[in-house]
Amino acid sequence: MTVKFANESEAYLSVLTLVAGADQSGSLEERDFLFKKVKGLAIFGNPSTADFSRLLGKVTDAVYSGVAQQDGEFTAAGIDSLLGEVKKTLSADLRKSLVQTAGELGSADGADAKEAALLDKIRRALG
């Protein structure tokens, strides 16, 4: 399975969805980061909170249904496939921004070992 994106904003959010879910729980700090920092990025076109919430929900559903999982966790191959699609979709500048934003999101609630490993993979794939 793979995830296809309608636009750059969906590709960008798909990686952040992986980061937020890497430790098996989205935290309030991660939610606040998404709605206060990420929502305001130019790539999203200044959406209302409701519109951003709908987009985030759509992307989250697509990631969880389209990225291969085993025992409730994303597989390495599934993550690699998603990152490959993201790399094809985003410009070099957007990839650079995404790597930085993903790192900040991972740190929002204190990155654990799984998040740190995922962030390293994201840096290698998109950096």
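Structural notes, computed from the coordinates.

Rules of the game
Residues numbered from 1 in each chain as written. Predicted model: local features only at pLDDT ≥ 70, side-chain atom pairs only at ≥ 80, totals over all residues. Heavy atoms only, no water. Buried < 20%, exposed > 50% of the residue type's maximum accessible area, 1.4 Å probe, protein only. Helix = DSSP H or I, 4+ residues; strand = E, 2+ residues; numbered from the N terminus. Arc of directions from axis to C-beta. Contact = heavy atoms within 4.5 Å. Phe/Tyr/Trp six-rings, centres within 6.5 Å; stacked < 30°, edge-to-face > 60°.

**Thoughts on helix α2 (residues 28-36)**
Moving on, step 1. Taken as a whole, α2 has its buried residues at Glu-30, Phe-33 and Leu-34. Burial along α2 is one-sided: seen end-on, the buried residues are contained in an arc of 95°. Summarising the geometry of α2, the exposed residues directed more than 90 degrees from the buried face are Leu-28 and Lys-36.
Moving on, step 2. Against the buried residues of α2 lie α1 (8-21), α3 (49-66), α5 (92-107) and α6 (113-126).

**Side note on the packing of aromatic side chains**
Moving on, step 1. Considering all chains together, one arrives at four aromatic pairs under this definition.
Moving on, step 2. Judged by centre distance (5.2 Å) and plane angle (85°), the ring pair of Phe-35 and Phe-52 falls under edge-to-face. Of this pair, Phe-35 sits in helix α2 while Phe-52 sits in helix α3; the two residues are 17 residues apart in sequence, bridging distant segments of the chain.
Moving on, step 3. The class of Phe-52 is buried, set by a relative accessible area of 0%.
Moving on, step 4. When the centroid spacing of 5.5 Å and the interplanar angle of 85° are considered together, the rings of Phe-44 and Phe-52 count as edge-to-face. Both residues of the pair, Phe-44 and Phe-52, count as buried.
Moving on, step 5. Every member of this aromatic cluster is reached through a ring pair, and the members are Tyr-12, Phe-35, Phe-44 and Phe-52.

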